Amino acid sequence: MTEAAPRESSLRGTLTYADYLQMDDGRQYELIEGELILTPSPGFLHQHIAASVGGLLRAYVDKHNMGLVLFVPFDVVLADNLVLQPDVLYLSRERFDLLTENCLKGAPDLVVEVLSLASGRRDRLEKSRLYLKHGVKEYWVVDPFAQTVEIFSAGEKGWLLAGAYGPEDTLSSPLLPGFSANGEEIFRLPEGLVL
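Since we're looking at a predicted model, the values are computed, not measured. (Residues numbered from 1 in each chain as written. Predicted model: local features only at pLDDT ≥ 70, side-chain atom pairs only at ≥ 80, totals over all residues. Heavy atoms only, no water.)

This part is about the overall build of the protein chain. Across its full length, the protein chain holds four helices and 14 strands. The C-alpha radius of gyration computed for the protein chain amounts to 17 Å, which stays within 12% of the reference 16 Å derived for 195 residues, consistent with globular compactness. In terms of its C-alpha atoms, the protein chain occupies a principal-axis envelope of roughly 50 × 40 × 35 Å. For the protein chain, the residues scored as buried account for 47% of the 195 residues in total. Contacts in the protein chain between residues at least 24 apart in sequence constitute 54% of all its contacts with a sequence separation of at least 6. A total of about 10,200 Å² of accessible surface is found on the protein chain, and carbon and sulfur atoms cover 51% of it. (Helix = DSSP H or I, 4+ residues; strand = E, 2+ residues; numbered from the N terminus. Rg over C-alpha atoms; globule rule 2.2 N^0.38 Å. Buried < 20%, exposed > 50% of the residue type's maximum accessible area, 1.4 Å probe, protein only. Contact = heavy atoms within 4.5 Å. Areas by Shrake-Rupley, 256 points an atom, 1.4 Å probe, with all protein chains shown as cover.)

Spelled out as structure tokens, the structure:
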């Protein structure tokens, strides 16, 4: 379960990126509207699926020289009190000026969040709203348990469902013309592995 990091109650909602950078206890956090949130390490299924999605995106983006694809942990600083770590992100070449050695200072073009029991609600609701508010153009929600990928495009009043896919479907992305991926590639486990 995702939980708030221990701290003085008077600091709730007042922390900044500078405070976040001072955290040095070996744990991974996100900073959501000034509140430090502990994010436990994801399990195998989460990591395997995130790597599959990221690999498919990276192959397409690299082949077409469109930008870059990065993986967690990497800080996305959307505001001084808002630091998120999406599982996978795509940044177009035209927006490379947002990239520093330590973080991305602004919104990526595309964010992928792989749901887990600890983060599912936060990823679907709170983080999706924040990504939209700060300019993410496309948001993928991958559910390892339901074996679904939902792709949302930013609209004037909220996210618009561009497509919902399962293992039997071929995914496409409105943001990445010509991109397609077999859903089975995302959810397939290595041969012989049983969870």
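Next, the rest of the story.
When pLDDT is averaged along the protein chain, the result is 90, and 94% of the positions lie at 70 or above. Contacts from residues 1–11, a stretch scored under 50 in pLDDT, to residues over four places away or in other chains number 21 contacts. (pLDDT = per-residue confidence, 0-100.)

Compared with the 28 Å implied by 1.5 Å per residue over 20 residues, the 28 Å span of helix 2 (residues 44–63) between its first and last C-alpha is a close match. Within the sequence span of helix 2, burial applies to His46, His48, Ile49, Ala50, Ser52, Val53, Gly54, Leu57, Tyr60 and Val61. Those residues of helix 2 hidden inside the fold are in contact with strand 4 (67–71), strand 7 (88–92), strand 9 (110–114), strand 10 (138–143) and helix 4 (183–187). (Expected span 1.5 Å × (residues − 1).)

In terms of burial, strand 10 is a largely internal element, six of the six residues being buried. Taking every second residue as pointing to the same face, both faces of strand 10 are buried, with Glu138, Trp140 and Val142 on one and Tyr139, Val141 and Asp143 on the other. With helix 3 (residues 120–133) bridging strand 9 and the parallel strand 10, this β-α-β connection has right-handed handedness. Pairing analysis gives six bridges linking strand 10 to strand 11 (residues 148–154), with the strands arranged antiparallel. (Right-handed = clockwise from strand over helix to strand, strands pointing away. Pairing = 2+ DSSP bridges.)

Evaluated as defined, the whole model comprises five aromatic pairs. Measuring from ring centre to ring centre gives 5.4 Å for Tyr131 and Tyr139, while their planes differ by 50 degrees; the resulting arrangement is tilted. Classification of Tyr139 as buried rests on a relative accessible area of 1%. Through a chain of ring-to-ring contacts, three or more aromatic side chains come together here, namely Tyr60, Trp140 and Phe179. (Phe/Tyr/Trp six-rings, centres within 6.5 Å; stacked < 30°, edge-to-face > 60°.)

So, on to the nonpolar core. Core analysis: the largest hydrophobic core is formed by 24 residues, its most contacted members being Val53, Leu57, Val112, Trp140, Val142, Val149 and Leu176. Of all the secondary structure elements, the ones that give two or more residues to this core are helix 2, strand 7, strand 9, strand 10, strand 11 and helix 4. The element best represented in this core is helix 2, accounting for six residues. Residues contacting Leu176, with those up to four places away along its chain left out, are Leu57, Tyr60, Met66, Tyr90 and Leu110. Ile32, Leu84, Leu130 and Phe152 belong to the second-largest nonpolar core, a separate cluster that totals 22 residues. (Core = buried A, V, L, I, M, F, W, Y, C linked by side-chain atoms within 4.5 Å.)

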